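Observations on the three-dimensional arrangement
Listed below are the residues making up each chain.
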Amino acid sequence: MADLFQTIVDTQAAPDQVDHLAKHIVAWLAEKGVVKPNPSEEGGYDRGPNAAEISVLQTPPRGHERIPPVHKHLQVLIGRMTHADNLSEFREPAASCPSCDKPLEDVDGAWQAATQEWIGGDDDAALRCPECGKESPVTAWRYDRHYGYGNLAFRFWNWPPLKLTFLDDIRRELGHSIVVVEGIL
Ligand SMILES: [Zn+2]
């Protein structure tokens, strides 16, 4: 059984905010009973008694014995990194220009170069659109739940789809905008 995840990426947290914000979100989730307050020996946060409260209800398929997934915890990711939707193999994500909405045809590796610049510390690393010619930060291109950039992220392993109201709540608790990357290990 493949392991699926939903990663909530805080796209605005500054490096000096992330430790505090990570602690705040874990404490907030633990208080609601969504996760255990302390990390497990493997380093993630196990599910609490109300773990399903943040998800859209799903009925398991009838007549099937559900094989428990290997990963079913909350993983907190601190530090500047990109978040892809496939952790097993690298693929350049489909990106659309934030100005003209045209999909990027990246023939010369410009996307990867801009992403490397971002990883290297340049928040404004720019990517020029070959269609309309406008430069935008590579982080501002549209990735539609397939890619994210940030200093802090929360990866929910094998949780059913997260509720939109929960995403609103976590956005409010962080005080920042977020993107959600849905993916597979
Ligand atoms: Zn464009």
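Residues numbered from 1 in each chain as written. Predicted model: local features only at pLDDT ≥ 70, side-chain atom pairs only at ≥ 80, totals over all residues.

1. Here's the deal with the overall build of the protein chain
A count of helical and extended segments in the protein chain gives 3 helices and 6 strands. In sequence order, the protein chain lays out its α and β elements as β-α-β-α-β-β-β-α-β. Its C-alpha atoms give the protein chain a radius of gyration of 18 Å, near enough to 16 Å, the size a compact globule of 185 residues would have. Its C-alpha atoms put the protein chain at 50 × 45 × 30 Å along the principal axes. Within the protein chain, the fraction of its 185 residues that count as buried is 26%. Summarising the internal contacts of the protein chain: among those between residues at least 6 apart in sequence, 72% fall at separations of at least 24. (Helix = DSSP H or I, 4+ residues; strand = E, 2+ residues; numbered from the N terminus. Rg over C-alpha atoms; globule rule 2.2 N^0.38 Å. Buried ≥ 20, exposed ≤ 12 C-beta atoms within 10 Å, placed from the backbone. Contact = placed C-beta atoms within 7 Å.)

2. With respect to the domain arrangement of the protein chain
Taken domain by domain, the protein chain consists of domain 1 (4-51 + 70-81 + 148-184) and domain 2 (95-140). If you average the C-alpha positions of domain 1 and of domain 2, the two centres end up 27 Å apart. (Domains from an automatic or database assignment.)

3. Digging into unusual backbone geometry
Despite not being glycine, Asp101 has its phi angle at roughly 70°, a positive value. Within the fold, Asp101 resides in the loop between strand S2 (74-84) and helix H2 (110-119). Even without being a glycine, Asp144 presents a positive backbone phi close to 45°. The residue Asp144 is located in the loop between strand S4 (135-137) and strand S5 (147-157) in this model. Owing to 13 C-beta atoms within 10 Å, Asp144 belongs among the partly exposed residues under this scheme.

4. Some details on helix H1 (residues 18-31)
The end-to-end C-alpha distance of H1 is 20 Å, a good match for the 20 Å that 14 residues give at a rise of 1.5 Å each. Among the residues of H1, those classed as buried are Val18, Leu21, Ile25, Val26 and Leu29. Down the axis of H1, the buried set is contained in an arc of 130°. They therefore lie on one face. Counted as exposed and oriented over 90 degrees from the buried face of H1: Asp19, His20, Lys23, Ala27 and Glu31. Downstream of H1 by one or two residues, Gly33 has phi in the positive range, about 80°. (Expected span 1.5 Å × (residues − 1). Arc of directions from axis to C-beta.)

5. Structural notes on H2
Along H2, the residues that are buried comprise Ala114, Thr115 and Trp118. Down the axis of H2, the sector holding all buried residues measures 100°, keeping them to one side. Those residues of H2 hidden inside the fold are in contact with S2, strand S3 (126-128) and S5. The first or second residue beyond H2 is Gly121, which carries a positive phi of 120°.

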